[in-house]
Amino acid sequence: MDRCKSCTGIVSCPVCGSPISSFSHVGVRGNETSFNIPVIDYKLKLGSNPSGIRHYAQPCDHRVITQAASPDLVYNGGPLWGNGYSWINVYWGKFYTTEAGKAWVARVDRATSDIETNPSYSGGLRQYNVGMGKLLESITIPAEPPSSMSNSQLKEQILSWINSNEIRDVSNKGAYNLFLPPGMTVTLSSETSCAFFCDYHDTVDAEKGPFYTVEPYPCSSGCNNCTSSEFDTLTMGLSEEMVELKTDMDPGTGWVIGNEELCDYCDAHFVCNRISTGEYVNAWYDRAKDACWSSR
Ligand SMILES: [Zn+2]
Ligand SMILES: [Zn+2]
């Protein structure tokens, strides 16, 4: 999607003044640090870095804050996750070949499967015509990545892995969770993971995919309101990105509430929740109950 309702009228970048050909939309879970960004007609609370669909002006790639066209829950007609769709977890870096790394992979795979197959947490998304899928065998890529990469570079990397058959192509019926090793950061425009956001989901080529979430190794602060466990930090972020990818595969074209996706709305009214298998998860907006999902 080149333009959504909230960015349709913005013709020049408020940061650099250059013309804007389109916007890149990325579904991002914010963290709790504060920073200054240009604001267009939008009352941003100082010191907040909220979750939502972030706008990056193209081609300059500056981040722009836009006012939501409507605060109502809407479906914009884009692709949604169907029954039987598949997740592939991709673990990148030497760390995941160590004993500690392999143990982490096993726990994260288990949690991914538990989240996707939970009848209440995942099954409840049927009210949005979103199905339940499964986890395929995960992939470890032992080559060590650079210490930092941009989201654009990650898109090229995912295509390269698919084209060389290192990872199976699930573009039409699934998505990837990409887990980065300890110490590696990813950038969105000039913003670095953990300093400006926890994790995100995106697509390589709009409604065609491939679709993916990016999970940096758990941030040490700003991304876990409930416990001090790295693993809980990971499952909170992973659950949110999985739900938001499923309900809004090409960010902004699926189910949204203004510039927020279904869990972003609940991040602003945060409650600690665990699914029946024990993993901490972030809640999504349940329109049938007009409330955020709860295990109780
Ligand atoms: Zn937009
Ligand atoms: Zn710019």
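In this text the structure is predicted, and so the values were computed from the model without any measurement.

Conventions we followed
Residues numbered from 1 in each chain as written. Chains lettered and ligands numbered in written order. Predicted model: local features only at pLDDT ≥ 70, side-chain atom pairs only at ≥ 80, totals over all residues. Heavy atoms only, no water. Donors = N, O, S within 2.8 Å, 3.2 Å for Na, K, Ca; no water. Helix = DSSP H or I, 4+ residues; strand = E, 2+ residues; numbered from the N terminus. Buried < 20%, exposed > 50% of the residue type's maximum accessible area, 1.4 Å probe, protein only. Tetrahedral: all angles 85-135°; square planar, octahedral: opposite > 155°, others 65-115°. Domains from an automatic or database assignment. Contact = heavy atoms within 4.5 Å. Buried area = accessible area lost by both parts, 1.4 Å probe.

Visitor: Help me understand the coordination of the zinc ion (ligand 1) in this model?
Guide: Perfect tetrahedral coordination of a metal by four donors corresponds to 109.5 degrees between them, and perfect octahedral coordination by six donors corresponds to 90 or 180 degrees. The coordination sphere of the zinc ion (ligand 1), as far as protein atoms go, consists of C4 (SG), C7 (SG), H25 (NE2) and H55 (NE2), spread over 2.0 to 2.3 Å. One chain supplies every donor to the zinc ion (ligand 1), and in sequence these donors are spaced C-x2-C-x17-H-x29-H. Of this pair, H25 sits in strand β1 (residues 22-30) while H55 sits in strand β2 (residues 52-58), and the two are 30 residues apart along the sequence. This pair shows no difference in class: H25 is buried, exactly as H55 is.

Visitor: Help me understand the coordination of the zinc ion (ligand 2) in this model?
Guide: For the zinc ion (ligand 2), the full set of protein donor atoms is C13 (SG), C16 (SG), C60 (SG) and H62 (ND1), at a range of 2.1 to 2.3 Å. In this structure, the zinc ion (ligand 2) is coordinated by four donor atoms arranged in tetrahedral fashion, with angles at the metal of 105 to 117°. Read from N- to C-terminus, the donor residues coordinating the zinc ion (ligand 2) fall into the pattern C-x2-C-x43-C-x1-H. Residue C13 is located in the segment before β1, and its partner C60 is located in the loop between β2 and β3 (63-64); the two are separated by 47 residues in the primary sequence. C13 gets classed as buried once you look at its relative accessible area, which sits at 3%. For C60, a relative accessible area of 25% translates into the label partly exposed.

Visitor: Hey, could you run me through the domain arrangement of the protein chain in this one?
Guide: Note on interface size: it is often stated as the accessible area lost on association of the parts. With domains assigned, the protein chain is organised as domain 1 (22-75) and domain 2 (86-292). Each of domain 1 and domain 2 has a C-alpha centre, and these two points are 20 Å apart. Domain 1 puts 30 residues into the contact, and the matching count from domain 2 is 40 residues. Counting the surface lost from both domain 1 and domain 2, the interface buries some 2,600 Å², and carbon and sulfur atoms represent 52% of this. Broken down residue by residue, the surface that domain 1 buries against domain 2 is led by R29, I53 and L73, which jointly contribute 32%.

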